[in-house]
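Observations on the three-dimensional arrangement
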Amino acid sequence: MKQVNQVKNASAFVKDSAHRSSHDKHLWDARMRRDKTAAAIPEWEEMRELASAIKKHTLSNLDTYLERFEENATRNGIHVHWARDAEEHNRIVYDIFQQHGVKTITKGKSMLHEECGLREYLAERGIDLAEADLGERIQQLDGQRPSHIVMPAIHKLREDVAELFAEKLGSDPHNDDPHYLNKVMRNDMRKRFVKADAGMSGVNFLLAETGGFVVCTNEGNADISANVPPLYVASAGIEKMIPGPEQLPLFIRLLSRSALGFAITQYTSHYHGPAEGQELHLVLVDNGRTDRLASETWEVLKCIRCSACFNTCPVFRRSGGLSYEATYAGPIGIVLEPSYDLHRYAQLPYACTHCGSCGNVCPVKIPIPDYVFHWRKEVVEQKEDLLSHRYEMLAGSKALASEKLVEAGEKFTLAALKHTPHALMASRFNPWAKAHEMPAAPEKTFRQWYREQQKS
Amino acid sequence: MKIAFFVPCYVDALAPQAAIASYELLQKLGVEIDYPDEPVCCGLPFTDMGYDQYAGDIEQTFVDHFSGYDYVVTPSGICTDQVRNHFTAVEQTPEVQQLRGRMYELVEFLHDILQVEEFPWASFPHKVAIHNACHSLRYLHHAKPSELMGPAFSKPEALLRKVPGIEIVYPERVDECCGFGGTFSIWDPDVSAQMGKDKVTGFNNAGASYVVSADYSCLLHQGGVINKLGLPLRTIHIAEILNGANA
Amino acid sequence: MKQPNDAKSTILEKIRAGKPDALPRPEMPDFAYESSDLVGDFVRMAESFDAKTDHIEGIEAIDSYIKEHFADVNTIYSAVEGVSGNVHLGWELNRPQDAQQVDLTVIAGVFGVAETGSVWVTTEQLTMNSLGLLAKHLIIVLREQDLVGNLHEGYKRANLGSQQYGVFMTGPSATADIEAVHITGAQGALSATVLLLS
């Protein structure tokens, strides 16, 4: 697959000040709300540490927990399936639908479904699937993937949505009031909910000890999809496991506060079996997770998909999530996606200033900043780096190990600053000069000053 | 106490005033300083870009020059972070490990080791905005990052508060990255520039006359953007203020 | 509906071969909730999620409360003894989809959580889950004595696993997916009222 050029993808977005500044502001606001709600909990940092330790414990015993989960879930009347990869997951889901003659589905938003390309897979097989989360529905109608884990269409402005809904749902193209647009969505979706042959959702947490699972939404879209049709199919990455109800409150307290700065999601729902007259299936999915578990960066599997790292990331806020051309964007994406396909995502680990804020907001303390270094190193070691970089670095490593050449380089820089005509310095050959005035050349280096001092 | 003074390449060439002020300040504080008068690189660009494997000789040259002192002090957070936290291309001998533990950025050295109580020669009757470079903030722990919960502290602010006349302000986004990010500003100049614009606009809105930082790398970037935008802001290294600059 | 077992054994084998050394299971500390006013905290939090809250003297007062505050509703389903409804399970309401025609559902909450303003509700209170999800408006009756401090206490009380479906409901359905504008009444209930019984 072609290598993703995130920088190029981001360039239009960063220059589009209306979209960029709206995106930046709303995500920064979420980060500020997060700080405020976190500050109100004296044990916040202790909770993060604990959540990390619980996830590490569970992951390092994942086989036992999965077996315990399956046993308990089966006892609860849940049909448990196992899928090694995206294709197997999609096939299992489709087979279930085939057996039940399913034609229409409403579905809660799920990153795992994005990862598996489920929407496209079912569409190709003639199944009418409607995303039931407003943001995700917007993205589905626009033929785009979500740009953000919990705010899938946050890169759009209200007028973009008005235009899209007018075209796809026949609404008033001149009315871009978000309340109106929400009503358009609600009215359309309500018809679908009562017609749907099956409902689907992702999963936020698997509970090994009770054999149940937890789904968190603000709109209630997953709950309706799960409870109204006669068939409910949920999909969970195997890393969603935690031991049980004793640990769960810790994660629920962290999740929505980290994501949006709210104490909880409006619907925090727990399933321990099918509703009366219903059939409930759960697909446990690997899709690369066991490989990751065996790797140096296994702690990425602690991720609870809150998106706090997106909101705080200064690069993400100005680039937009679509620029990453990946299921997972932002800080977690740039250390996760290369493990799926190093060649395709070799440039993502460079979409980072090393500011380090992502590691501090992460509710499960994934060492994202360290992993950025890890992946850059991996990119170089696997020769997926840009050739121009490699030559520069190789030449530089020789020069900079030599005192004489370092000094020559500094002198050259000063001479260049002093003698290059402004027009050339500010030309397109110097990307720095688009947004910067070049610094004035100092009279002398520190070293020259020091030597003069020593003489006098 | 004998220290070695390390002047990173970009400070030597582009911000010698920060190094001069640091050097003079340390002298005023009675520190015995050795300056190995040979340019040496800490290897940061290599680690930053993932080319650690090429940095072995560079790191060895650094070790050869700076081992054996009580402390190595430098007016640069990024280079301190590099040596302290990422100096792994060279074999981790006891000598190397000792050096890494003794590497100090200037503000930390003044605040934690010398525990300076006053700067009687300093006075700075201006409104300054503090810019904590991300490396100094989050990897050297100069201050409490806004996103971590717990008691607030700031070493640069504590030092600047000892300077008579100074007024300290912060932008609305207290410690958002300014977009320099070392090689990032070359990797993605558009996003980097936008971050720079947002940052200096924040300083300007806070009513600052000066942006002060312990890291001149960020200030070079911000200074370039300030001048391009024509904002009434000036950049200054913290050592210059503490050393008595009175612009 | 059993698929071949090899996916399961492959996944478990890969985990066993590659997982990190087993790390201990941390003890859960007792995170206490410090407050002398659970009712006040609950009301403040619930309202921050756009729930309406009110105090009532007794169950018998709810019918008139509905007449006064929900004058427009036509169909009322009540799962609370002592509150009158005009549509009933087994009559107008047979399938989960039928809940779509309900304007107002009245249910009892098991307990409330002061930390978040949430009410714990399960299939037992909902009688049919969709009645709490598709109804336009929701009234949850909650005894003040059934308030707990934080979610740790809440989950102890929830006794997960004993019910097919259990949900912490916090305010009505909401979204902020368009330009982060906060909107109540996304896919679920347009309004949620918690009536506190003292």
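Definitions and cut-offs
Throughout, a residue's number is its position along its own chain's written sequence, starting from 1. Each chain is given a letter, starting from A, and each ligand a number, starting from 1, according to the order in which they appear as written. Thresholds applied to this predicted model are a pLDDT of at least 70 for local features of residues and 80 or more for the giving and counting of side-chain atom pairs; totals over whole chains, interfaces and linings are not thresholded and use all residues. Derived side-chain values reflect all non-hydrogen atoms in the structure, with water molecules and hydrogen atoms excluded from consideration. Secondary structure follows DSSP: runs of H or I at least 4 residues long count as helices, runs of E at least 2 residues long count as strands, and numbering of each begins at the N terminus. Every accessible area reported is derived by Shrake-Rupley at a probe size of 1.4 Å, with residue values counting cover from the shown protein chains alone. Classification of ring pairs rests on two measures: the distance between centres of Phe, Tyr or Trp rings, Trp counted by its six-membered ring, which must be within 6.5 Å, and the angle between planes, read as stacked under 30 degrees, edge-to-face over 60 and tilted in between. Accessible area is worked out with a 1.4 Å probe on protein chains only. A residue is then buried under 20% of its type maximum, exposed over 50%, and partly exposed in between. Definition used: whenever NZ (Lys) or CZ (Arg) falls within 6 Å of the ring centre and also within 35 degrees of the ring normal, the charge is taken to sit over that ring. The criterion used for residue contact is that any of the two residues' heavy atoms lie within 4.5 Å. Buried area, as used here, totals the accessible surface that two parts lose on assembly, with accessibility defined by a 1.4 Å probe and the loss added over both. Salt bridges, as used here, are contacts in which a Lys or Arg side-chain nitrogen is within 4 Å of a carboxyl oxygen on Asp or Glu. Polar contacts, as counted here, are pairs of nitrogen or oxygen atoms within 3.5 Å of one another; within protein the pair requires one atom able to donate a hydrogen and one able to accept it, and residues that are adjacent in sequence qualify only if both atoms are side-chain atoms. Amino acids outside the nonpolar list (Ala, Val, Leu, Ile, Met, Phe, Trp, Tyr, Cys, Pro) and the charged list (Asp, Glu, Lys, Arg) are all regarded as polar, and Gly is one of them. A pair of strands counts as paired when DSSP detects no fewer than two bridges linking them. Geometry is summarised by axes, namely lines fitted to C-alpha atoms with helices restricted to the contacting stretch, and by angles between N-to-C directions that run from 0 to 180 degrees. We place a 1 Å grid over just the protein atoms. Points where a 1.4 Å probe fits but has no way out form a cavity, open points with protein on both sides within 12 Å along at least 5 of 7 lines form a pocket, and any residue with an atom within 4 Å of a point lines it. Grid points are joined across faces, edges and corners, and a volume is the space filled by probe spheres set on the points. Residue ranges assigned to the domains are those given by an automatic or database domain assignment.

When its secondary structure is counted, chain A shows 22 helices and ten strands. Considering only C-alpha atoms, chain A reaches an extent of 95 × 55 × 45 Å along its principal axes. Here chain A has roughly 15,900 Å² of accessible surface; of this, 52% comes from carbon and sulfur atoms.

All right, on to the packing of aromatic side chains then. Here a ring pair, both rings aromatic, is described through the centre-centre distance and the interplanar angle of the planes. Taken as a whole and judged by the stated rule, the model has 34 aromatic pairs over all chains. Judged by centre distance (6.1 Å) and plane angle (55 degrees), the rings of Phe213 of chain A and Tyr232 of chain A are tilted. One end of the pair, Phe213 of chain A, is in strand E6 (residues 212-217); the other, Tyr232 of chain A, is in strand E7 (residues 231-237), and 19 residues separate them in sequence. Comparing Phe213 of chain A with Tyr232 of chain A, the two get one shared label, buried. Three or more aromatic residues joined by ring pairs make a cluster, and in this case those are Phe446, Trp449 and Tyr450 of chain A together with Phe5, Tyr23 and Tyr35 of chain B. Above the plane of the ring of Tyr121 of chain A lies Arg125 of chain A, whose end atom (NZ or CZ) is 3.6 Å from the centre.

Opposite the 64 residues of chain B that make contact, chain A presents 74 residues. For the chain B and chain A pair, buried surface summed over both sides reaches about 6,300 Å², with 65% attributable to carbon and sulfur atoms. Put simply, chain B and chain A have ten salt bridges between them. Linking Glu147 of chain B and Arg31 of chain A is a salt bridge whose minimum nitrogen-to-oxygen distance equals 3.8 Å. Here chain B and chain A share 23 residue pairs in polar contact (both at pLDDT 80 or more) between them. The element that contributes the greatest number of residues to the side of chain B that touches chain A is helix H11 (residues 189-205) of chain B, accounting for seven residues. Residue composition of the side of chain B that touches chain A, grouped by class: 33 nonpolar, 16 polar and 15 charged.

What follows concerns the interface of chain A and chain C. Residue-level contacts link 100 residues of chain A with 72 residues of chain C. Interface of chain A and chain C: buried area, both sides summed, is about 7,200 Å²; carbon and sulfur atoms make up 59% of it. The salt bridge partner of Lys14 of chain C is Asp291 of chain A, with a shortest N-O separation of 2.8 Å. The tally of links between chain A and chain C comes to 39 residue pairs in polar contact (both at pLDDT 80 or more). With ten residues, the top contributor of residues to the side of chain A that touches chain C is helix H10 (residues 178-195) of chain A. Across the side of chain A that touches chain C, the residue classes break down as 52 nonpolar, 25 polar and 23 charged. As paired strands, strand E9 (residues 267-271) of chain A and strand E8 (residues 165-169) of chain C are joined by five bridges and run antiparallel to one another. If you follow His270 of chain A over to E8 of chain C, its bridge partner there is Gly166 of chain C.

A few words now on the sheet that holds strand E10 (residues 279-285) of chain A. Residue and element names in this part refer to chain A. Pairing in this open sheet of six strands is parallel, and the strands run E1-E10-E7-E4-E2-E3 from one edge to the other. In this open sheet, the two strands that pair with only one neighbour each are strand E1 (79-83) and strand E3 (128-131). Strand-to-strand, the axes of this sheet are offset by a mean angle of 20 degrees, without reference to chain direction. Packing of H10 onto the sheet brings it into contact with strand E2 (104-107) and E3, and relative to E3 it is tilted by some 135 degrees.

This part is about the layout of surface pockets. Any space left empty among the atoms is revealed by the rolling of a water-sized probe across them. Taken as a whole, the second largest pocket spans an internal volume of roughly 580 Å³. Along the walls of the second largest pocket sit 22 residues, with Ala40, Ile41 and Arg257 of chain A together with Met45 and Glu115 of chain C positioned nearest its centre. Contributing elements (two or more residues each) for the lining of the second largest pocket: helix H2 (17-39) and helix H12 (248-259) of chain A together with helix H2 (38-48) of chain C. Sorting elements by how many residues they give to the lining of the second largest pocket places H2 of chain C first, with four residues. Looking at side-chain class alone, the lining of the second largest pocket contains nine nonpolar, four polar and nine charged residues.

Where interface size is quoted, it is often the accessible area lost as the parts come together. All names here are of chain B. According to the domain assignment, chain B contains domain 1 (2-113) and domain 2 (127-242). Once you take the C-alpha centre of each, domain 1 and domain 2 turn out to be 22 Å apart. Contacts between domain 1 and domain 2 engage 25 residues on the former and 22 residues on the latter. In total, about 2,000 Å² of surface goes out of reach between domain 1 and domain 2, with carbon and sulfur atoms giving 70% of it. Between the two partners, domain 1 and domain 2, sit one salt bridge. Across the pair Asp112 and Lys155 runs a salt bridge whose closest N-O atoms are separated by 2.8 Å.

This next bit is on empty space enclosed by the protein. In total, this model carries 14 cavities of 30 Å³ or more according to the counting rule given. Estimated volume of the largest cavity: approximately 670 Å³. As for the largest cavity, its lining consists of 39 residues, of which Lys109, Ile149, Val150, Cys216 and Thr217 of chain A are closest to the centre. Breaking the lining of the largest cavity down by element, the ones donating at least two residues are helix H6 (111-116), E6, helix H11 (221-227), E7 and H12 of chain A together with strand E9 (174-175) of chain C. When the residues that make up the lining of the largest cavity are grouped by side-chain class, the tally is 17 nonpolar, 14 polar and eight charged. Within this model, the second largest cavity holds a volume of roughly 140 Å³. Around the second largest cavity, the lining comprises 19 residues; the ones closest to its centre are Cys313, Pro331, Cys352, Cys355 and Cys358 of chain A. Within the residue set of the lining of the second largest cavity, elements represented by two or more residues are helix H15 (314-319), helix H16 (330-336), helix H17 (357-361) and helix H18 (368-381) of chain A. With three residues, H16 of chain A is the single largest residue contributor to the lining of the second largest cavity. When grouped by side-chain class, the residues that make up the lining of the second largest cavity number 13 nonpolar, six polar and no charged.

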